[in-house]
Amino acid sequence: QVQLVESGGGLVQPGGSLRLSCTASRIIFSIDVMGWYRQAPGKERELVATIGGGGDAVYADFVKGRFTISRDNAKSTVYLQMNSLKPEDTAIYYCNIRKVLRGAVLYDYWGQGTQVTVSS
């Protein structure tokens, strides 16, 4: 079993920044896809960003130019640098690690989530 632990959430003013971290309980392989998702009250969980082993990142339109995802396989950690935060970014942010082979999900692990609140 793989456990993911998120940290770095908190309260920040609009326009501010936060950096989220997620550390896995085992070594992370380059084949693993790591990502961040978020869920606001009353809404479905949505993708924020993912990053592959080669550093190739995919972002949701609503965070492009503001958020940056990165990973450190040696530290079994994925990060999400969030800048220019908006109130609508308020949500619980979840870390995710997937292994995908030819479009099939071999495993899919989730963290417990960390709360991000953007408010004056």
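Residues numbered from 1 in each chain as written. Predicted model: local features only at pLDDT ≥ 70, side-chain atom pairs only at ≥ 80, totals over all residues. Heavy atoms only, no water.

Draft legend 1. Molecular detail of the side chain of Asp89. For Asp89, the position within the fold is in the loop between β8 (77-82) and β9 (91-101). Within the local environment of Asp89, its side chain forms a polar contact with the side chain of Arg66, the two groups lying 2.7 Å apart. Look past the residues within four positions of Asp89 in its chain and what remains in contact with it is Arg38, Arg66, Phe67, Ser84, Val116 and Val118. (Helix = DSSP H or I, 4+ residues; strand = E, 2+ residues; numbered from the N terminus. Polar contact = N/O pair within 3.5 Å; in protein donor to acceptor, adjacent residues only side chain to side chain. Contact = heavy atoms within 4.5 Å.)

Draft legend 2. Inspection of the pattern of salt bridges at higher detail. For the structure on display, the rule yields six salt bridges. Of the charged contacts in the structure, one is a salt bridge between Asp32 and Arg26, with a shortest N-O distance of 3.6 Å. With relative accessibility at 23%, the residue Arg26 sits in the partly exposed group. A salt bridge links Lys64 to Asp61, with the shortest nitrogen-to-oxygen separation between them at 3.2 Å. A relative accessible area of 52% places Lys64 in the exposed class. A relative accessible area of 64% places Asp61 in the exposed class. (Salt bridge = Lys/Arg side-chain N within 4 Å of Asp/Glu carboxyl O. Buried < 20%, exposed > 50% of the residue type's maximum accessible area, 1.4 Å probe, protein only.)

Draft legend 3. Focus on the pairing of strand β3 (residues 18-24). Burial analysis of β3 places five of its seven residues in the buried class, the great majority of the element. In the sheet, strand β1 (residues 4-7) pairs with β3 via four bridges, with the strands oriented antiparallel. Following the sheet pairing, Val5 is matched in β3 by Thr23. As paired elements, β3 and β8 share six bridges and run antiparallel to each other. Considered in β8, the bridge of Leu20 is made with Leu80. (Pairing = 2+ DSSP bridges.)

Draft legend 4. Just the environment of Ile97, in detail. Summarising the element assignment, Ile97 is placed in strand β9. The spacing of Ile97 and Ala40 is 57 residues in sequence and 20 Å in space, taken between C-alpha atoms. With sequence-adjacent residues up to four places away left out, Ile97 is seen in contact with Leu4, Ala24, Ile28, Asp32, Val33, Met34, Tyr107, Asp108 and Tyr109.

Draft legend 5. Fine view of a nonpolar patch on the surface. A cluster of nonpolar side chains, namely Ile27, Phe29 and Ile31, defines an oily patch on the protein surface of about 290 Å² accessible area. Assignment of secondary structure puts Ile27 in the loop between β3 and β4 (32-39). (Patch = residues over 30% accessible without salt bridge, like charges linked within 9 Å, V, L, I, M, F, W, Y side chains within 5 Å. Areas by Shrake-Rupley, 256 points an atom, 1.4 Å probe, with all protein chains shown as cover.)

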